[in-house]
Amino acid sequence: MQTLPSVCWLAYGVHGNEISSSDAGLLAAYHLVASQKDSLAEMVLKNSVVIIDPLQNPDGRDRFVHYFRQTRGRWPDPDQQAAEHNEDWPGGRTNHYLFDMNRDWFALTQPETQGRVKANLEWYPQVFVDLHEMGSNSTYYFAPPADPLNPELTSSQVKWLERFGRNNAQWFDRMRFDYFTREVFDSFYPGYGEGWPMFHGSIGMTYEQASSRGLVVKREDKTTMHYRDAVQRHFISSLSTAETAARHRQDLLRYFYKYRQSAIEEGTRETTKEYILPPGSDPNRTKKLVTLLVNQGVEVKRAENSFSNSKARDYYEDKLRSRTFPAGTYLVSLAQPAKRLAKTLLAKHQPMDREFVQEQRRRYKKRLRDEIYDVTGWSLPLLFNVEVYAAETSSSGRFTVLEEPPSIKGEIQGGKAQLAYLIPWETNSAARALGQLFRQDIRVFSSEKAMTLDGRKFPRGSLIVKVKNNPEDLYQKLQTIAAETGVHIYATNTSWVEEGVNFGSRNVRFLKKPNVAMAYQLPTHPYSVGWTRYLLEQEYGYPVTIINTRQFSRFDLSKYNVLILPNSLSFFGNYGEIIGESGVKKIKTWVEHGGTLITFAEATRWLTNEKVELLATSRELKGGKPEKQPDEKPEEEKPEESKTEAQKPAEPFDPKTAILPEEELPPSTPGALMRVSLDTEFWLAFGYDDDANVLVASRNIFTPLKLDKGRNIAAYMDEDKVLLSGFTWEESRKQIANKAYLMYQPHGRGHVVAFAEDPNFRAFCDGLNVLFLNAVFLGPGH
């Protein structure tokens, strides 16, 4: 420790349109390397290693700079209303697939994040700073962060945040720069760039500089801010941070060692000793979760034999009892240096500070905006919908520590078939395989009912690939598909079943190849577009054509049999306002002629509009009354009933109730995990048992469809069972119970599949993938 340097990681520009930080990073690098007379730079280089990641999001930055150059005139315009300060859709914040990479650190969906996490684990920096920009009328933000803090952050980390903040403040006071702390930006969600490293022991901090969104901007306080001003402030905070990390090198290293050591000790003391993940009904989905943990530096063990644990608590039944687990089960002991990260990602629920929650309730009573910055539920086992147990005693048995992520293996069982090959429809791997079957133009059928063949049970939706009318090299193609997707394929030379339907039954449907189109541009939400496109193309290897909504009138929909309308940005209007009446008519005609229309969240709400009438329900106001959308005709007022002497006298005036809005939406749920019941007899819920976990991040509560209009495929559970993890308001929890999450309504030869929320949220809701893909892959065949 006498000579070991501290490691300070400075990361710039994860949001591509926040460009000043990247230039500040280059300036900091140049200053530290080229300076010959700066004692501070000399001290920093002597005592520390400074890692500079100058550009985390090159795609987004390029998009922003290109737009700025397109719109700039002869002189830069300081007016905030000028086009050069207001990007066109989708903006430069996101990467190529339109992901906010400052939310991706534990999901690891994007290659940029994967590479950054891998490098982080090679260095284990004691300090990690993520430098951003914010609104032009603000000043500068640095740590300490706002409440709430994640409960796994330690008191030592809080003290270090204060120490770094104080040194930044001294520099900013010297330079007469305004700043603020402890407001807006919290450290609760573990997917932030500053948040994730903290669970390995880093002192993680977000810095935010008011953005010029160009070269110069006139602010509300009548001052003018230049781009160079933003660069200078980020440069100063970078040097200040590097100074603190270097000057307190030994203290930081000593803290870091104790942090990792104390994590092991906490893991032995706390009630939950380990998390147990059996292979379950989808072993490959469990393996993917385990891979996520291993790739983030969490130690995972695999059981070589079956074993028992006397105190294992199920996440759903919430019962503590003795259980036996099979060989191949994964075990994450909390007695490890990465305990706090493991617990944050695997625990069923991470609570916010009680006083903070009480303050949010107080604010809501006054209809003030809440201070919850991001989602409040992210438990990976719940997101993946896999079997998991929290054990209160350590398991004994034969376990092997995984040095590499577990491999995914698929195969054809039974050799080359003369009649057909079957794929059980119960895993994400089966959906990947179906995507490849479609892409290779292999004819495939799906069974509407369960069957038992050769003693093996095949659930509803199971795929049947007949040898007849398929390529001669079908066996070789299926071998490749099994190896690439990890799916198990079963060969059969007979269609005689012990139970269920035979291959020639009318309950066995030929699946038409989906030709998928998806709306792009306004009013769609860029995130929703990106998540869905990424999921289809990268996770399931299936193409999707994105169509510009501004050109919708010229688009030939007849080439496609699936159309996805992602969640939309309500403040930019609804789909009807962008595509016009002719576009609405085109969609309705296309559906009636056999199209499958899939909608998420605000797009689903648009379907209920009286000018669209593709979904016979409505979003509910608080209390359950149907919402009237802005462009709909108001209801005719009913004449007041005549008063009679027998009427009761008016109630005494209550100022608290008198000021409440007459009509308002329920309070928005800030990203909580909830549970839905499924109608598994219907093809949209094939591949599931009776329930699933969904992420709710809106105020959307839809009245269930009447039976003569359609079916409610997924409905939220009773109010005492619906909330699994995260925070929601009491009023919302009660009102959302038993309401519709996934609705189906037929129209002519086609149908509408409508989700109340976005099932592809951040592409980390793996447990919902099949529910979404049922609509895409099975829809055209129904």
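Here the residue index of a chain counts from 1 through its sequence in written order. Local features in this predicted model are restricted to residues whose pLDDT is 70 or higher, and side-chain atom pairs enter the listing and the counts only when it is 80 or higher, whereas totals over whole chains, interfaces and linings include all residues. Side-chain calculation: all heavy atoms of the structure are included, whereas hydrogens and water are not.

The helix and strand inventory of the protein chain stands at 20 helices and 35 strands. The globule rule used for comparison is 2.2 Å times the number of residues to the exponent 0.38, while the radius of gyration itself is calculated over C-alpha atoms. Taking 2.2 N^0.38 as the reference for a compact globule, 782 residues should give roughly 28 Å; the C-alpha atoms of the protein chain span a radius of gyration of 28 Å, in line with that estimate. Along the first, second and third principal axes, the C-alpha atoms of the protein chain reach 85 × 80 × 65 Å. Here the protein chain, with 782 residues, has 58% of them falling under the buried criterion. Throughout, a contact is declared for two residues whenever any of their heavy atoms are within 4.5 Å. Partitioning the contacts of the protein chain with sequence separation of at least 6, the portion at a separation of at least 24 is 80%. As displayed, the protein chain offers around 34400 Å² of accessible surface, 47% of which is attributable to carbon and sulfur atoms. Positive charges are assigned to Lys and Arg, negative charges to Asp and Glu, while His and the chain termini are left out of the count. Positions of charges follow a simple convention, taking NZ of Lys, CZ of Arg, CG of Asp or CD of Glu. Looking at charge distribution, the protein chain has the averaged site of its 98 positive side-chain charges lying 2 Å from that of its 100 negative ones. Numbering goes from the N terminus for both helices and strands, where a helix is a DSSP run of H or I of at least four residues and a strand is a run of E of at least two. Throughout, exposure labels follow a simple rule: accessible area from a 1.4 Å probe, protein chains only, divided by the maximum for the residue type, with under 20% read as buried, over 50% as exposed, and the rest as partly exposed. Accessibility throughout is a Shrake-Rupley quantity obtained with a 1.4 Å probe, and a residue counts as covered only by protein chains that appear here.

Attention now moves to the layout of surface pockets. Of the voids in this model, the second largest pocket is the one considered here, and its volume is about 630 Å³. Definitions used for this entry: grid spacing 1 Å over protein atoms alone; cavity, a set of points where a 1.4 Å probe fits but cannot get out; pocket, an open set with protein on both sides within 12 Å along at least 5 of 7 lines; lining residue, one with an atom within 4 Å of a point. Taken together, 28 residues make up the lining of the second largest pocket; nearest its centre are Ser281, Asn385, Tyr688, Asp689 and Asp691. Residue composition of the lining of the second largest pocket, by class: 10 nonpolar, 8 polar and 10 charged. Grid points are joined across faces, edges and corners, and a volume is the space filled by probe spheres set on the points. For this scheme, ten residues count as nonpolar: Ala, Val, Leu, Ile, Met, Phe, Trp, Tyr, Cys and Pro. Four count as charged, namely Asp, Glu, Lys and Arg, and the remainder, Gly too, count as polar.

Side chains that differ in charge, positive against negative, can pair when their charged atoms come close. We define a salt bridge as a contact between a side-chain nitrogen of Lys or Arg and a carboxyl oxygen of Asp or Glu at a distance within 4 Å. A complete count under the given rule lists 47 salt bridges for this structure. With a closest N to O distance of 3.0 Å, Arg619 and Glu627 form a salt bridge.

Residue position: Ser21 is located in helix 1 (residues 20-34). Note on Ser21: relative accessible area 0%, which makes it buried. For the purposes of these results, a polar contact is taken to be a pair of N or O atoms within 3.5 Å, where, inside protein, one atom must be able to donate a hydrogen and its partner to accept one; residues adjacent in sequence count only when each atom of the pair is a side-chain atom. Within the structure, Ser21 has its side chain in polar contact with the backbone nitrogen of Gly13 (distance 2.9 Å). Contact partners of Ser21, with chain neighbours within four places excluded, come to Tyr12, Gly13, Leu131 and His234.

Bringing the environment of Met225 into the picture now. As for its position among the elements, Met225 is in strand 9 (residues 224-226). Overall, the relative accessible area of 6% leaves Met225 in the buried class. Along the sequence, Met225 and Ser212 sit 13 residues apart, while their C-alpha atoms lie 6.5 Å from each other. If we skip the residues at most four places from it in the chain, Met225 touches Ser136, Gln209, Ala210, Ser211, Ser212, Leu215, Val216, Val217 and Arg219.

Strand pairing is assigned whenever DSSP identifies at least 2 bridges connecting the two strands. Read across the open sheet, the 7 strands follow the order 13-12-15-10-14-11-16; overall the sheet is antiparallel. Each end of this open sheet is capped by a strand with a single partner; those strands are strand 13 (320-325) and strand 16 (399-401). This sheet shows a mean twist of 40 degrees between the axes of neighbouring strands, independent of strand direction. Sheet topology places strand 12 (residues 307-314) next to strand 13; 5 bridges connect them, and they run antiparallel. Within strand 13, the position partnered with Ser308 by the bridge is Thr324. Along the sheet, helix 9 (residues 283-295) makes contact with strand 10 (274-277) and strand 14 (330-333), crossing strand 14 at roughly 30 degrees. Axis definition: a line fitted to C-alpha atoms, over the contacting stretch in the case of helices. Angles run 0 to 180 degrees between N-to-C directions.

Let us now look at empty space enclosed by the protein. Under the criterion given, the structure shown has 3 cavities of 30 Å³ or more. There is about 60 Å³ of room inside the largest cavity. Put simply, the parts of the chain that give the lining of the largest cavity at least two residues each are strand 6 (186-187) and strand 7 (203-210). For the lining of the largest cavity, the leading source of residues is strand 7, giving 3 residues. Looking at the lining of the largest cavity residue by residue, the class counts come to 7 nonpolar, 3 polar and 2 charged.

On to the pairing of strand 28 (residues 562-565). Because side chains alternate across strand 28, one face comprises the buried residues Val562 and Ile564, and the other comprises Leu563 and Leu565, equally buried. Inspection of the sheet shows strand 26 (residues 516-520) paired to strand 28 by 3 bridges, in the parallel sense. Along strand 28, the bridge assignment pairs Met518 with Ile564. The pairing of strand 28 with strand 29 (residues 596-600) spans 4 bridges and is classified as parallel. Bridge pairing links Leu563 to Leu597 in strand 29. In this fold, strand 28 hands off to helix 16 (residues 575-592), which returns the chain to strand 29; that crossover is right-handed. Consider the strands pointing away from the viewer: the crossover is right-handed when the path from the first strand over the helix to the second runs clockwise.

We now examine helix 1. Taking 1.5 Å per residue, 15 residues should reach 21 Å; helix 1 reaches 21 Å between its end C-alpha atoms and fits that length. Among all positions in helix 1, only Ser20, Ser21, Ser22, Ala24, Gly25, Ala28 and Leu32 are buried. A helix's residues, less one, multiplied by 1.5 Å, set its expected span.

Omega for the bond connecting Trp89 with Pro90 falls within 30 degrees of zero, at 0 degrees, which places this linkage in the cis form. Looking at the element boundaries, Pro90 is found in the loop between helix 3 (58-71) and helix 4 (111-123). Looking along the chain, the bond that leaves Leu522 and enters Pro523 is cis, with omega of 10 degrees. You can see Pro523 is positioned in the loop between strand 26 and helix 15 (526-539). For Tyr124, which is not glycine, the phi dihedral falls at a positive 45 degrees. Position of Tyr124 among the secondary structure elements: in the loop between helix 4 and strand 3 (127-134). Under the relative-accessibility criterion, Tyr124 is labelled partly exposed at 24%. Phi at Arg176 is positive, roughly 60 degrees, even though this residue is not glycine. Turning to its location among the elements, Arg176 is positioned in the loop between helix 5 (155-175) and strand 6. The exposure class assigned to Arg176 is exposed, which follows from its relative accessible area of 78%.

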